[in-house]
Amino acid sequence: MNLTSNLSKNTINIESPLAASNFSNMFLSHLKDFYTNEHDEIIILCIGTDRSTGDSLGPLTGYKMKKVLSRFEKVHVYGTLDDPVHAKNLEDHINKIYSSHKRPFIVAIDACLGKVDRVGYLTVCNGPIKPGAGVKKNLPPVGDIHITGIVNLGGFMEYIVLQNTRLSLVMNMAETISSAVYFGLWKFKKQNKKEEEQFNLS
């Protein structure tokens, strides 16, 4: 669970029209910009725990994506309701990813707390996320890019705030993220295949 999320053109409110479609384009843009020839496999790392409503964004998103993303080659999902990635096992999962996958490109997904007027906003950013910052935990940063969702107000009694976050909000955010990531990856894979075919014909 992260502390806050930078607000920019890469931020969207899940209540806005075409939220999933627009966020998918933002996600695709980051894939194009930061996935390079140095990468091979794409890892979707969903961080959080199913024991706290506010911090369940990661596992819920991973649960929704696990089956649908299995149709893509070299795309793997870590962190689901059945097998969550949380503070106690995050470092072990990071080590497993780098030892089990060839040149991984990691997309880290986590909940965060922020200003009251920004609850319900999703953001995609370049670089690693710092999980646990919102609840004063010192966890290793992770991710080539990251997605965060502001699930509640930050700044005081974070654990209680997370426990009292509405499940409806978290579910809607998980649905938006999972749809956006799926269609973003579909477009990314399709474009890469087209470029490879054109290269082979040239």
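Cut-offs and rules
Residues numbered from 1 in each chain as written. Predicted model: local features only at pLDDT ≥ 70, side-chain atom pairs only at ≥ 80, totals over all residues. Heavy atoms only, no water. Helix = DSSP H or I, 4+ residues; strand = E, 2+ residues; numbered from the N terminus. Rg over C-alpha atoms; globule rule 2.2 N^0.38 Å. Buried < 20%, exposed > 50% of the residue type's maximum accessible area, 1.4 Å probe, protein only. Contact = heavy atoms within 4.5 Å. Areas by Shrake-Rupley, 256 points an atom, 1.4 Å probe, with all protein chains shown as cover. Lys, Arg positive; Asp, Glu negative; His and termini not counted. Charge placed at Lys NZ, Arg CZ, Asp CG, Glu CD. Pairing = 2+ DSSP bridges. Axes fitted to C-alpha atoms, helices over the stretch in contact; angles between N-to-C directions. Core = buried A, V, L, I, M, F, W, Y, C linked by side-chain atoms within 4.5 Å. Phe/Tyr/Trp six-rings, centres within 6.5 Å; stacked < 30°, edge-to-face > 60°. Expected span 1.5 Å × (residues − 1). Salt bridge = Lys/Arg side-chain N within 4 Å of Asp/Glu carboxyl O.

Draft legend 1. Fine view of the overall build of the protein chain. The helix and strand inventory of the protein chain stands at 5 helices and 6 strands. Shown N-terminal to C-terminal, the secondary structure of the protein chain runs as helices and strands in the order β-α-β-α-β-α-β-β-β-α-α. On C-alpha atoms alone, the protein chain measures out to a radius of gyration of 16 Å, which is about the 17 Å that the 2.2 N^0.38 rule sets for 202 residues. When the backbone C-alpha atoms are referred to their principal axes, the protein chain occupies close to 60 × 40 × 25 Å. Split into buried and exposed, the 202 residues of the protein chain put 52% on the buried side. Of the contacts formed within the protein chain by residues at least 6 apart in sequence, a portion of 73% connects residues at least 24 apart. In the form shown here, the protein chain has an accessible surface area of approximately 10,400 Å², with 51% of it arising from carbon and sulfur atoms. Computed over 23 positive and 20 negative side-chain charges, the inter-centroid distance for the protein chain is 3 Å.

Draft legend 2. Seen up close, the sheet that holds strand β5 (residues 121–126). Here we have 6 strands laid out as an open sheet, ordered β1-β5-β6-β4-β2-β3, and mixed in their pairing. Among the strands making up the open sheet, the edge pair consists of β1 (11–13) and β3 (75–78). Across this sheet, the average inter-strand angle for adjacent strands is 20°, counted without regard to direction. Across 5 bridges, the pairing between β5 and strand β6 (residues 145–153) is antiparallel. The residue bridging Val124 from the neighbouring strand is Ile147, located in β6. Set on the sheet, helix α1 (residues 19–34) makes contact with β1, β4 (105–114), β5 and β6; between it and β5 the angle comes to about 10°. On top of the sheet, helix α2 (residues 57–68) reaches β2 (42–46), β3, β4 and β6; it is set at about 140° to β2, its chief contact.

Draft legend 3. Seen up close, the nonpolar core. Residues Ile44, Leu69, Val107, Ile147, Val181 and Leu185 are the most contacted members of the largest nonpolar core, which totals 41 residues. No other element matches the 10 residues that helix α5 (residues 167–201) contributes to this core. Sequence-distant contacts of Leu185, defined by excluding residues within four places in its chain, comprise Phe27, Leu31, Ile42, Leu69, Phe72 and Val75. Counting 13 residues, the second largest nonpolar core, distinct from the first, contains Ile94, Ile106, Ala108 and Leu139.

Draft legend 4. Looking closely at unusual backbone geometry. Residue Leu18 is not a glycine yet carries a positive backbone phi of 60°. Mapped onto the secondary structure, Leu18 falls in the loop between β1 and α1.

Draft legend 5. Representation of the environment of Asn126. Inspection of the secondary structure puts Asn126 in strand β5. Not counting the four nearest positions on each side in its chain, Asn126 is found in contact with His30, Phe34, Asp144, Ile145 and His146.

Draft legend 6. Focus on the packing of aromatic side chains. For the structure shown, the criterion picks out 4 aromatic pairs. When the ring of Tyr35 is compared with that of Phe105, the centres are 5.4 Å apart and the planes differ by 65°; the resulting orientation is edge-to-face. One end of the pair, Tyr35, is in the loop between α1 and β2; the other, Phe105, is in strand β4, with 70 residues separating them in the sequence. A single burial state applies to Tyr35 and to Phe105, both of which are buried. Look at Tyr35 and Phe188: their rings are 5.3 Å apart centre to centre, the planes differ by 80°, and that puts the pair in the edge-to-face class.

Draft legend 7. Quick look at α1. In this model, α1 (16 residues) spans 23 Å end to end at C-alpha, consistent with the 22 Å of a helix rising 1.5 Å per residue. Here α1 has its buried residues at Ala19, Phe23, Ser24, Met26, Phe27, Leu28, His30 and Leu31.

Draft legend 8. Expanded view of the pattern of salt bridges. A complete count under the given rule lists 2 salt bridges for this structure. Linking Lys74 and Asp40 is a salt bridge whose minimum nitrogen-to-oxygen distance equals 3.0 Å. Separated by 34 residues along the polypeptide, Lys74 in the loop between α2 and β3 and Asp40 in the loop between α1 and β2 bring together distant segments of the chain. We note a salt bridge from Glu175 to Lys64, for which the minimum N-O separation is 3.0 Å. One end of the pair, Glu175, is in helix α5; the other, Lys64, is in helix α2, and 111 residues separate them in sequence. A residue is classified by how much of its surface remains accessible, and Lys64, at 26% relative accessible area, is partly exposed.

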